[in-house]
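Chain and residue survey
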Amino acid sequence: MCQEVGHAVQLALSRRGLLKAGAGASVAALSLMLGGAPVTAAAAPAAVDDAAAGFDTRLILLGTAGGPAWFPGSSRHGIASALQVRELTYMIDCGDGAARQLAHALMRASPGAHPFQLLEPLRALFFTHLHSDHVVDYNNLLLQGWTAGIGRRQPLDVLGPGPRGELPPTFQVPGRPRAQPDVVFPDAPTPGTVQMTDGIFRAFATDINDRVRDYLWPDVRTLVNVRDIALPPIAGFVSPNQTPAPTMEPFPVWSDANVRVSATLVEHAPVFPSFAFRFDSEQGSVVFSGDTGPCQNLVRLARNADVLVHEVIDAAWVDALFPPPLDATTEALKHHLLSAHTSIEDAGRIAEQAGARTLVLSHVIPHNVGDDRLRGASRHYSGRLVPGHDLAAIGIGRRRAA
Ligand SMILES: [Zn+2]
Ligand SMILES: [Zn+2]
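All of the points below concern the structure found in this document. No experiment lies behind these values; they were computed from the predicted model shown.

This next bit is on the overall build of the protein chain. Check the secondary structure of the protein chain and you find 12 helices and 14 strands. Of the contacts formed within the protein chain by residues at least 6 apart in sequence, a portion of 72% connects residues at least 24 apart.

Moving on, we come to the packing of aromatic side chains. All told, the structure shown has 13 aromatic pairs when counted by the stated rule. With a centroid separation of 5.9 Å and an interplanar angle of 65°, the aromatic rings of Tyr-90 and Trp-254 are classed as edge-to-face. Of the two residues, Tyr-90 sits in strand E3 (residues 88–92) while Trp-254 sits in strand E7 (residues 251–255), which places them 164 residues apart along the sequence. Here Tyr-90 matches Trp-254 in class, with each residue buried.

Among the nonpolar cores identified, the biggest contains 37 residues, and Leu-62, Met-91, Leu-102, Leu-119 and Leu-141 are the most heavily contacted of them. Mapped onto this core, the elements with two or more residues apiece are strand E1 (55–63), strand E2 (80–85), helix H3 (98–109), strand E4 (122–126), helix H5 (138–148), strand E5 (156–161) and helix H6 (193–203). Look past the residues within four positions of Leu-119 in its chain and what remains in contact with it is Leu-102, Ala-103, Leu-106, Leu-141, Gly-145, Ala-148, Gly-149 and Ile-150. Residues Leu-61, Ile-234, Ala-263 and Ile-396 belong to the second largest nonpolar core, which totals 34 residues.

Let us look at the sheet that holds strand E8 (residues 259–265). Strands in a sheet are paired, the pairing made by backbone hydrogen bonds, and the direction either parallel or antiparallel. The mixed open sheet is built from seven strands, whose spatial order is E7-E8-E9-E10-E11-E12-E13. The sheet terminates laterally at E7 and strand E13 (384–387), the two strands that pair on one side only. Within this sheet the neighbouring strands show an average axis-to-axis angle of 25°, counted without direction. Of the strand pairs in this sheet, E8 and strand E9 (residues 275–281) are connected by seven bridges, and their pairing is antiparallel. In the sheet register, Thr-264 faces E9, and the bridge partner there is Ala-276.

Time to look at the pattern of salt bridges. Inspection of the entire model under this criterion finds 15 salt bridges. The shortest N-O distance in the salt bridge between Arg-202 and Asp-198 comes to 2.8 Å. Of the two residues, Arg-202 and Asp-198 are both situated in helix H6; the distance of four residues between them amounts to about one turn of the helix. Between Asp-306 and Arg-357 there is a salt bridge; the shortest N-O distance is 3.2 Å. Separated by 51 residues along the polypeptide, Asp-306 in the loop between helix H8 (296–301) and strand E11 (307–313) and Arg-357 in the loop between helix H11 (344–354) and strand E12 (358–365) bring together distant segments of the chain. Residue Arg-357 is classed as partly exposed on the basis of its relative accessible area of 45%. A single network of salt bridges, built from pairs that share partners, joins Glu-120, Arg-152 and Arg-153.

Counting buried positions along E5 gives six out of six residues, so the element sits mostly inside the fold. One ladder, built from six bridges, connects E5 with strand E6 (residues 224–229); its direction is parallel. Opposite Val-158, over in E6, you have Val-226 as the bridge partner.

Below, the discussion takes up H11. Among the residues of H11, those classed as buried are Ile-344, Ala-347, Gly-348, Ile-350, Ala-351 and Ala-354. The buried residues of H11 occupy one face: seen down the axis, they fall within an arc of 165°. Looking at the packing, one finds that the buried side of H11 touches H8, E11, E12 and helix H12 (371–374). Immediately downstream of H11, the backbone of Gly-355 shows phi near 75°, a positive value.

So, about the sheet that holds E4. Taken in spatial order, the seven strands of this open sheet run E6-E5-E4-E3-E2-E1-E14, and their pairing is mixed. Either end of the sheet is taken by a strand with one partner, and the two such strands are E6 and strand E14 (393–399). Between one strand and the next, the sheet's axes are offset by a mean angle of 15°, whatever the strand orientation.

About the thresholds
Residues numbered from 1 in each chain as written. Chains lettered and ligands numbered in written order. Predicted model: local features only at pLDDT ≥ 70, side-chain atom pairs only at ≥ 80, totals over all residues. Heavy atoms only, no water. Helix = DSSP H or I, 4+ residues; strand = E, 2+ residues; numbered from the N terminus. Contact = heavy atoms within 4.5 Å. Phe/Tyr/Trp six-rings, centres within 6.5 Å; stacked < 30°, edge-to-face > 60°. Buried < 20%, exposed > 50% of the residue type's maximum accessible area, 1.4 Å probe, protein only. Core = buried A, V, L, I, M, F, W, Y, C linked by side-chain atoms within 4.5 Å. Pairing = 2+ DSSP bridges. Axes fitted to C-alpha atoms, helices over the stretch in contact; angles between N-to-C directions. Salt bridge = Lys/Arg side-chain N within 4 Å of Asp/Glu carboxyl O. Arc of directions from axis to C-beta.

In structure tokens form, the structure reads like this:
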């Protein structure tokens, strides 16, 4: 989830008068609404799946929560995933708590690792898009990771969207024109990954200069190699606002001896660019949907993948968030929220269409959706379904010889 969900929750709260001071917003009322009436058993974190320990290639779900919110009854961390191939680790997104979750995962993988070397296996980090719920722990990864070994063997490669290039349109409802809000930082209103990283380093310059001078640490900026992902020429692309996810073929973005990474644009308007990634290794293929509505570009990217990690939103929760009757603004916002994400049932349909052998549901909205509801994806999907939980691990390909 992204900003849309935050807006939706805020709007729903304000409709009920719960945002006004003294309006009697009881914890119980908030809990009921944020939890959503249809929610069943609370999501519980899963232990690392020991069976996956026997594989050289493993997917680890570091955090499985979608969106910038904390929900009652859930301990999910923000969205982030790791793919371990042989001795190296590749990270996809860096949501709330991701750095600590990565440390936990690597401690479990290498119990004897020295704390100052723990993150040395991290080879590259990929951002699907720059919504805060996907990047908010990036500064933590960089600055805590500075002592934990990032970039020590070779600079950590960081790849993500470039600058959007134009401001997104102001959300409008037909017949109810809305004034344009003031632009935040008009000198650079839509920075990409490189500029965002520079901004983090500038914000922490006091700490960085202190440690470089007092502890004689290497300049943290030399430990990362940050790159905006360049889009290839795309037939039918007009502009970020008009064609945020035109029909396209996947394109290569990065590779090393272990993996080849390709990407495609997905349907998460007005976010642009918003990527899904595919990792192909000797042991199999894993696809990360990023945030998207049902998307044929993603189906092409995930064709015959061994594992598809797909985002989900519980449409029943959205219905409960916006009980009828709905005015035009609320109706439009509800539609906007649902179209930027994928319902549980549609995630099953997409995985079936792609022929993915395993579907892992992550970026779960709301965070406290029960597994019984997530298993609803199986109604339209004949492969193996895994409701995602933090630190769950899935082996890919062949088991390591004993
Ligand atoms: Zn998100
Ligand atoms: Zn998003």
